[in-house]
Amino acid sequence: MSSLTASFTVRICGTRRELLPLRHRSLHQFITRRVTVVPSTTRARTRIVCMAEPYLITKLESAEKTWKDLSVKLADPDIVSNPSEYQKLAQSVKELDEVVSTYKGFKDCEKLLEETRALAKDAGNDEDMAEMISYEIDSLSKQLSELEDKLKVLLLPSDPLDARNIMLEVRAGTGGDEAGIWAGDLVRMYERYSERNSWKHFLVSSTMAEKGGYKTYVMEIKGNRVYSKLKYESGVHRVQRVPLTEAQGRVHTSTATVAIMPEADEVEVVIDPKDIELTTARSGGAGGQNVNKVETAIDLFHKPTGIRIFCTEERTQSKNKHRAFQLLRAKLYEIKVREQQESIRNQRKSQDNRVTDHRLKMNFELTSFLDGNIEDAVQSCVAMEQKELLEELAESVGAPAG
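Fair warning: this is a prediction, and the values are worked out from it, not measured in the lab. (Residues numbered from 1 in each chain as written. Predicted model: local features only at pLDDT ≥ 70, side-chain atom pairs only at ≥ 80, totals over all residues. Heavy atoms only, no water.)

## Some thoughts on the overall build of the chain
Next, step 1: Helix and strand counts for the chain stand at 13 helices and 10 strands.
Next, step 2: Relative to its 402 residues, the chain shows a buried fraction of 33%.
Next, step 3: A separation of at least 24 residues holds for 64% of the contacts in the chain among residues at least 6 apart in sequence. (Helix = DSSP H or I, 4+ residues; strand = E, 2+ residues; numbered from the N terminus. Buried < 20%, exposed > 50% of the residue type's maximum accessible area, 1.4 Å probe, protein only. Contact = heavy atoms within 4.5 Å.)

Here it is in structure tokens:
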């Protein structure tokens, strides 16, 4: 084996002096050569030991299998002929692409690390070779750890709404004229951010403020995983600054409210026509004589929730009506999602507010328990004791006489 190592070292660089500049280069090409030197009849099959936690590998293999199955389905003529179903499958495959590609990189890196460690055993007394291999092992171990951390994040449960397009609404809050200007600044910020992410944004409705900016502004944003990034923007946005409308240089505090509404289709949100009051009006402003003479604007009122939507941006009544209902569905869906999230939070709170009997491995509601309602716990303890006594009796009867 020592002669084999020596010949390998000579083939790579000839002398140690030639080896020095190679210390920080990858050993991948050397490993390939090293493996081919050993005769195939005597070489043992290398067993790659997984460095990641078992649960992680199980999930990754399941994700990889799902990705392969979905990829096969995408080639099915029945799926291809159904645009809606094809789009859903294509989106599912796309969501798994990064997981599968990262997992492949993880396995390749793990295999290379094992081969490098095997090579270290055959390095002999060559200090330069040992140093180079040691450096490569450290580099690959670090890379493997980073890939594992990335895979753990990729496998975290994702919000099912993350892939959706959104309706974004900005409303001027407190602060007078400056609040309208601040709302306008936020609108421009989200437009620029959309452009940076190659998303498309469309104006749905807006109301101009007197000194600039907007009282309200609603836009539709379409693109790749829009909701996953902008869902955190919901809430009140506050700014403290000297506004352009301030003549004496005083600092003003202004607010604007941002609502992020995932796009909903007609199946998810059913709107009863009886709950709708819809009127038309003339839009006015730019758009030619059509918008000034024909009632193209839509004023939509939803009775159960009190939501009112006024759409004037489109040049035809039908398009404004479509936009109004689209925005209403998004608002109603946001309310539905918020109620579901609140229900989940309440369930978690109720689970935390409990008493646990570790003998019984049972939980009891705390408030009721402290109010004296412990009968269930008592009866469970009685039943457990009776079961134990019956088991002891059965053992004594079945045991041979001493």
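## A look at the environment of T356
Next, step 1: Relative to the elements of secondary structure, T356 occurs in strand 9 (residues 354-357).
Next, step 2: Take T356: its relative accessible area is 34%, and that puts it in the partly exposed class.
Next, step 3: The contacts of T356, once residues within four sequence positions are left out, are M362 and N363.

## A look at the sheet that holds strand 7 (residues 297-302)
Next, step 1: The strand order across the open sheet formed by three strands is 6-7-8, and the pairing between neighbours is antiparallel. Two strands in the sheet have a free side with no partner beyond their single neighbour: strand 6 (276-281) and strand 8 (307-311). Neighbour-to-neighbour, the strand axes of this sheet turn through a mean angle of 15 degrees, independent of strand direction.
Next, step 2: Both strand 6 and strand 7 contribute to a ladder of six bridges, which runs antiparallel. Along strand 7, the bridge assignment pairs T280 with I298. (Pairing = 2+ DSSP bridges. Axes fitted to C-alpha atoms, helices over the stretch in contact; angles between N-to-C directions.)

## Let's talk about a nonpolar patch on the surface
Next, step 1: Judged by side-chain polarity, I374, V378 and V382 come together as a nonpolar surface patch covering roughly 190 Å² of accessible area.
Next, step 2: For I374, a relative accessible area of 35% corresponds to the partly exposed category. (Patch = residues over 30% accessible without salt bridge, like charges linked within 9 Å, V, L, I, M, F, W, Y side chains within 5 Å. Areas by Shrake-Rupley, 256 points an atom, 1.4 Å probe, with all protein chains shown as cover. Salt bridge = Lys/Arg side-chain N within 4 Å of Asp/Glu carboxyl O.)

## Focus on helix 7 (residues 127-154)
Next, step 1: Given a rise of 1.5 Å per residue, 28 residues ought to cover 40 Å, and the 40 Å separating the end C-alpha atoms of helix 7 matches this to within 8%.
Next, step 2: Within helix 7 the residues assigned to the buried category are D128, M129, M132, I133, E136, I137, L140, L144, L147, E148 and L151. (Expected span 1.5 Å × (residues − 1).)

## Examining the sheet that holds strand 5 (residues 252-262)
Next, step 1: In spatial order, the strands read 2-3-1-5-4; together these five strands make up an open sheet with antiparallel pairing. Since the sheet does not close on itself, it has two edges, and those belong to strand 2 (200-208) and strand 4 (235-241), each with one partner. Put simply, the sheet's adjacent strands are angled 20 degrees from each other on average, direction ignored.
Next, step 2: Pairing between strand 4 and strand 5: seven bridges, direction antiparallel. Paired with G235 across the strands is V258, a residue of strand 5.

## Here we look at the layout of surface pockets
Next, step 1: Roughly 850 Å³ of internal volume is contained in the largest pocket.
Next, step 2: Forming the boundary of the largest pocket are 22 residues, of which Q87, K88, A163, R164 and N165 lie nearest the centre.
Next, step 3: Among the elements that line the lining of the largest pocket, the one with the most residues is helix 6 (residues 83-121), at seven residues.
Next, step 4: For the lining of the largest pocket, the class distribution of residues is four nonpolar, eight polar and 10 charged.
Next, step 5: Volume-wise, the second largest pocket comes out at about 690 Å³.
Next, step 6: Around the second largest pocket sit 24 residues that line it, and E95, V99, L154, S158 and R225 are the ones nearest its centre. (1 Å grid on protein atoms, 1.4 Å probe; cavity = no way out; pocket = protein on both sides within 12 Å on 5 of 7 lines; lining within 4 Å. Points joined across faces, edges and corners; volume = space filled by probe spheres on them. Nonpolar A, V, L, I, M, F, W, Y, C, P; charged D, E, K, R; others polar.)

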